[in-house]
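Coordinates in review
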Amino acid sequence: MTHKRRDFLYLLTASVGAITTGACQASGNNLPQANPTTEATKIAQTPALFTLPPLPYEYNALEPHIDGRTMQFHHDKHHAAYVKNLNDAVSKYPQLKNMSAEDMLRDLSKVPEDIRTVVRNNGGGHVNHSMFWEIMSPKGGGEPTGALATAIKQSFGSADAFKAKFNDAGTKRFGSGWVWLVRTKAGKLQIATTPNQDSPFMDGNYPIMGNDVWEHAYYLKYQNLRADYLKAWWNVVNWTEINKRYEKAI
């Protein structure tokens, strides 16, 4: 057989194979597609239980006290990561779909052990930050009002004394964490701090207000001067929203 004849037969065979393959693929496109039932696919198709709430104001609305760049990173990166991690964890357990993040934090024993730490950290981060955005406002500042003002005076002597004790606790919180005004199980107002993203709900207390003292909350503007950040924060505190939380707590 000559080279030319062999080449011709090779090309003819390849062409027929390609045509046959193409016909099979075309025919296959008309067949019903398989419906994957793997656990991974089920998880991917499960709607997210928790969503990132939008900021109630523009990124730079709290300037000059909290800069816009910090707010953008804080909300769009840090809080968004907590929401994603929380959803990834609970998506494996359909029995958790009817539990709020607050309910999980109130009783972590109801959360499967293999995701308990993830829920503690990221559920706490989600709940804490969802509150944090709401209790700040471009029109914030001033003094506490209403029933909360009366309760603060009774518990701490005055609004100024309360702020001083709150700031002191926040400054002394070692490492990352939060400083809170909580209503305890006994019905008393108390200043408390928690490490990392732990929530007062974990101790049976209700978080009326809290300030984030993780470095990502203030470092771009205040560097290592946490006390300056805590002092400036009172200029954006939304007492109207905090009063609503106090009423809910009682």
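Residues numbered from 1 in each chain as written. Predicted model: local features only at pLDDT ≥ 70, side-chain atom pairs only at ≥ 80, totals over all residues. Heavy atoms only, no water.

**Section: the packing of aromatic side chains**
Tallying each qualifying case throughout the model produces 15 aromatic pairs. Aromatic pair W178 and W180: ring centres 5.2 Å apart, planes at 15°, arrangement stacked. Each member of the pair, W178 together with W180, is buried. Measuring from centroid to centroid gives 5.6 Å for F201 and Y206, while their planes differ by 90°, and the two rings are edge-to-face. For the pair formed by F201 and Y206, the shared burial category is buried. (Phe/Tyr/Trp six-rings, centres within 6.5 Å; stacked < 30°, edge-to-face > 60°. Buried < 20%, exposed > 50% of the residue type's maximum accessible area, 1.4 Å probe, protein only.)

**Description of helix α7 (residues 159–172)**
Spanning 14 residues, α7 covers 20 Å between terminal C-alpha atoms, matching the ideal 20 Å at 1.5 Å per step. Inspection of α7 places A159, F162, K163, F166, N167, A169 and G170 among the buried residues, and these make up the whole buried set. One side of α7 holds all its buried residues, which, seen down the axis, span an arc of 160°. Across from the buried face of α7, at angles greater than 90 degrees, the exposed residues are D160 and K172. Tucked inside the fold, the buried residues of α7 contact α6 (146–156), β1 (177–183), β2 (189–195), β3 (206–212), α9 (226–233) and α10 (239–249). (Helix = DSSP H or I, 4+ residues; strand = E, 2+ residues; numbered from the N terminus. Expected span 1.5 Å × (residues − 1). Arc of directions from axis to C-beta. Contact = heavy atoms within 4.5 Å.)

**Some points on unusual backbone geometry**
The linkage connecting E63 with the following residue, P64, adopts the cis geometry, with an omega of 10°. Note on placement: P64 falls in the loop between α2 (39–45) and α3 (68–90). Phi is positive for N196, close to 50°, though the residue is something other than glycine. With respect to the helices, strands and loops of the structure, N196 is situated in the loop between β2 and β3. For Q223, which is not glycine, the phi torsion reads 50° and is therefore positive. Along the polypeptide, Q223 turns up in the loop between α8 (219–222) and α9. Overall, the relative accessible area of 38% leaves Q223 in the partly exposed class.

**Quick look at the UniProt feature "binding site: Mn(2+)" (unreviewed entry) in the chain**
Mapped onto the present numbering, the UniProt feature "binding site: Mn(2+)" (unreviewed entry) falls at H74, H129, D212 and H216. In sequence the annotated residues extend across 143 residues, while in space they remain close, none of their C-alpha pairs exceeding 12.6 Å. With respect to the helices and strands, D212 occurs in strand β3. Residues within four places of D212 in sequence aside, it is in contact with H74, H129, F132, G177, W178, A217 and Y229. Among the polar contacts made by the side chain of D212, one reaches the side chain of H74 at a distance of 2.9 Å. The residue H216 is located in the loop between β3 and α8 in this model. The exposure class of H216 is buried, given its relative accessible area of 19%. (UniProt positions renumbered as here; feature names shortened; annotations may be inferred. Polar contact = N/O pair within 3.5 Å; in protein donor to acceptor, adjacent residues only side chain to side chain.)

**Comments concerning the nonpolar core**
M136, L181 and W233 are the most contacted members of the largest nonpolar core, which has 57 residues in total. The greatest single-element share of this core, amounting to six residues, is contributed by helix α5 (residues 113–134). Aside from chain neighbours lying at most four places away, what touches M136 is Y57, L62, I66, M71, W233, V236 and N238. (Core = buried A, V, L, I, M, F, W, Y, C linked by side-chain atoms within 4.5 Å.)

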